[in-house]
Amino acid sequence: MTENQKKQRGRPKGKVGQATMRRRALVERVEKSLKSKGRTPLEIFAAVMGGDLSITEMQFEAAKAAAPYIHPKLSSVEMNATVRRRIEDMSDDELEALANSGDSAEES
């Protein structure tokens, strides 16, 4: 088998498979159905939080089970960034503090 033949096997990178396409279509149909009725899981949660007593325990549990498929879970991202500024943009106090922080590092 040549190198070119090995690269051509299987689904091309980035192409969505049939199972994924079917799953996405199903989620989209369910989501449209829920929106047309005006009761997405998020809206049910908000109604319960607001004190709506018309929502049954079964409806709440169904919304809880369906929520991960309809509303994506937000992930937390930790950001570690250093803001760099030009010396011309710094105040005299900031420049003095910067100069003093360098002195203490040399003394240690």
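For the structure given in this document, a descriptive report is provided here.

Rules behind the numbers
- Residues numbered from 1 in each chain as written.
- Predicted model: local features only at pLDDT ≥ 70, side-chain atom pairs only at ≥ 80, totals over all residues.
- Heavy atoms only, no water.
- Helix = DSSP H or I, 4+ residues; strand = E, 2+ residues; numbered from the N terminus.
- Buried < 20%, exposed > 50% of the residue type's maximum accessible area, 1.4 Å probe, protein only.
- Contact = heavy atoms within 4.5 Å.
- Expected span 1.5 Å × (residues − 1).
- Bend = angle between axes of the 7 residues up to and from the residue.
- Salt bridge = Lys/Arg side-chain N within 4 Å of Asp/Glu carboxyl O.
- Arc of directions from axis to C-beta.

This part takes up the overall build of the chain. Helix and strand counts for the chain come out as five helices and zero strands. Starting at the N terminus and ending at the C terminus, the chain contains elements arranged as α-α-α-α-α. When the 108 residues of the chain are sorted by exposure, 8% land in the buried category. A separation of at least 24 residues holds for 29% of the contacts in the chain among residues at least 6 apart in sequence.

What follows deals with helix α4 (residues 57-70). With 14 residues, α4 ought to run about 20 Å at 1.5 Å a step, and its terminal C-alpha atoms sit 20 Å apart, in line with that. Largest kink in α4: about 30 degrees, centred on Lys64, with the proline Pro68 one to four residues after it. For α4, the full list of buried residues reads Ala63, Ala67 and Ile70. Looking at the buried side of α4, the elements it contacts are α2 (18-37) and α3 (41-49).

Our focus in this paragraph is the pattern of salt bridges. Taken as a whole, this structure holds six salt bridges when the rule is applied. A salt bridge links Arg85 to Glu94; the nearest nitrogen and oxygen atoms lie 2.9 Å apart. For Glu94, a relative accessible area of 33% puts it in the partly exposed group. When salt bridges with common partners are traced through the structure, they connect Arg86, Glu88 and Asp89 into a single cluster.

This part covers α3. For α3, every residue scored as buried is listed here: Pro41, Ile44 and Ala47. For α3, the angular spread of buried residues about the axis comes to 120 degrees, placing them on one side. The exposed residues of α3 that point more than 90 degrees off its buried face are Leu42 and Met49. Buried-residue contacts for α3 involve α2 and α4. The first or second residue beyond α3 is Gly51, which carries a positive phi of 95 degrees.

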